[in-house]
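What the coordinates show
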Amino acid sequence: MTLSSQRIDLIKEELKEVIDQSSRDPIFHEVEKNLYRCKELEKSRMYGAAINLLKKNLEILDARIARHDMTFDVHEMNNLLINCNAELAQCYHSVIDYRRSMQYARAALNLDSKNTQAIYYLGSGQNKTGDFLGGYNTLKEIK
């Protein structure tokens, strides 16, 4: 399948618009870059470094909220908070700290009750800590 040069130009324009619109706020852009780095660290099983970077992300976002500067996109802020908390749940689960994993999974679920990553790590953590019925009921929600 070949693409005409006009179609390629249209695709480039669409991508440019998406990139330009994603994270116009420099603080959000930094957090997004850190999230990408964390995923790379997790692939290398460097969970401690990923946890530190994710906690730094949460501090950056909390500081932005604390300034009472409401010029940021609230939807984007929530998405970043959800992603950071869900990734922290995954990292803590990987280092067998199930209580902290569940804590961060609950924080993500407070912002998005349908986040399957957070539901999984909450339910899995409950199972690992002996709350089998709670874990079963939580994991049942993923369906």
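The residue numbering used here restarts from 1 in each chain and proceeds along that chain's sequence as written. This being a predicted model, a pLDDT of at least 70 is required before a residue's local features are given, and a value of 80 or more before pairs of side-chain atoms are given or counted; all residues contribute to the totals for chains, interfaces and linings. With hydrogens and water set aside, each side-chain value is computed from the structure's full complement of heavy atoms.

1. Overview of the packing of aromatic side chains
For Phe, Tyr and Trp, where Trp contributes only its six-membered ring, two rings pair if their centres lie within 6.5 Å, and the inter-plane angle classes them as stacked under 30 degrees, edge-to-face over 60, or tilted in between. Summed over all chains, the structure comprises two aromatic pairs. With a centroid separation of 5.6 Å and 5 degrees between ring planes, the pair formed by Y92 and Y104 is classed as stacked. In this pair, Y92 is assigned in helix α4 (residues 74-94) and Y104 in helix α5 (residues 98-111), connecting sequence segments twelve residues apart. Any residue under 20% of the maximum accessible area for its type is buried, any over 50% is exposed, and the rest in between are partly exposed; the area is computed with a 1.4 Å probe on protein chains only. Judged by its relative accessible area of 14%, Y104 is buried. Each helix is a run of DSSP H or I of at least 4 residues and each strand a run of E of at least 2, with the numbering of both proceeding from the N terminus.

2. Here we look at unusual backbone geometry
Residue R45 is not a glycine yet carries a positive backbone phi of 60 degrees. Within the secondary structure layout, R45 lies in the loop between α2 (26-43) and α3 (47-66). Looking at R45, the relative accessible area reads 68%, which means it is exposed. Phi is positive for I96, close to 60 degrees, though the residue is something other than glycine. By the secondary structure assignment, I96 is in the loop between α4 and α5.

3. Section: the environment of L61
Turning to its location among the elements, L61 is positioned in helix α3. In this analysis, two residues are considered to be in contact whenever any of their non-hydrogen atoms come within 4.5 Å of each other. In this structure L61 touches F28, V31, M77, L80, L81 and C84, once residues within four positions along its chain are discounted.

4. A few points about the packing of helix α6 (residues 116-128) against helix α7 (residues 132-140)
Here, axes are lines fitted to C-alpha atoms. For helices the fit covers the stretch in contact, and angles between N-to-C directions go from 0 to 180 degrees. For the pair α6 and α7, the least separation of the axes is 7 Å and the interaxial angle reads 160 degrees. Between α6 and α7, the interaxial angle falls into the category roughly antiparallel. For the pair α6 and α7, the sense of crossing is left-handed. Here α6 contributes I119, Y120, L122, G123, S124, Q126 and N127 to the contact with α7, which in turn contributes F132, G134, G135, Y136, T138 and L139. Its residues assigned to classes, the contact of α6 with α7 comprises six nonpolar, seven polar and no charged. When an angle is under 35 degrees it counts as roughly parallel; over 145 it counts as roughly antiparallel; between 65 and 115 it counts as roughly perpendicular; any other value is oblique. It is the rotation of the near helix from the far one that decides the hand of a crossing: anticlockwise by less than a right angle makes it left-handed, clockwise makes it right-handed. Residues are sorted three ways: Asp, Glu, Lys and Arg are charged, Ala, Val, Leu, Ile, Met, Phe, Trp, Tyr, Cys and Pro are nonpolar, and all the rest, Gly among them, are polar.

5. Points about α2
A helix is expected to span 1.5 Å for every residue after the first. Under the 1.5 Å per step criterion, the end-to-end length of α2 is 26 Å for 18 residues, consistent within 8% with the ideal 26 Å. Inspection of α2 places F28, V31, N34, L35, C38, L41 and E42 among the buried residues, and these make up the whole buried set. Along α2, the residues classed as buried sweep out an arc of 125 degrees about the axis, all on the same side. Of the exposed residues in α2, the ones pointing more than 90 degrees away from its buried face are P26, Y36 and K43. What the arc covers is the set of directions going from the helix axis to the C-beta atoms.

6. Structural notes on the side chain of N57
Structurally, N57 can be placed in helix α3. The exposure class of N57 is buried, given its relative accessible area of 0%. For this analysis, a polar contact is any N or O atom pair within 3.5 Å, provided that within protein one partner can donate a hydrogen and the other can accept it, and provided that sequence-adjacent residues contribute only side-chain to side-chain pairs. A distance of 2.9 Å separates polar atoms of two side chains, one belonging to N57 and the other to N34. If we ignore the near neighbours within four places in the chain, the residues touching N57 are V31, N34, L35 and C84.

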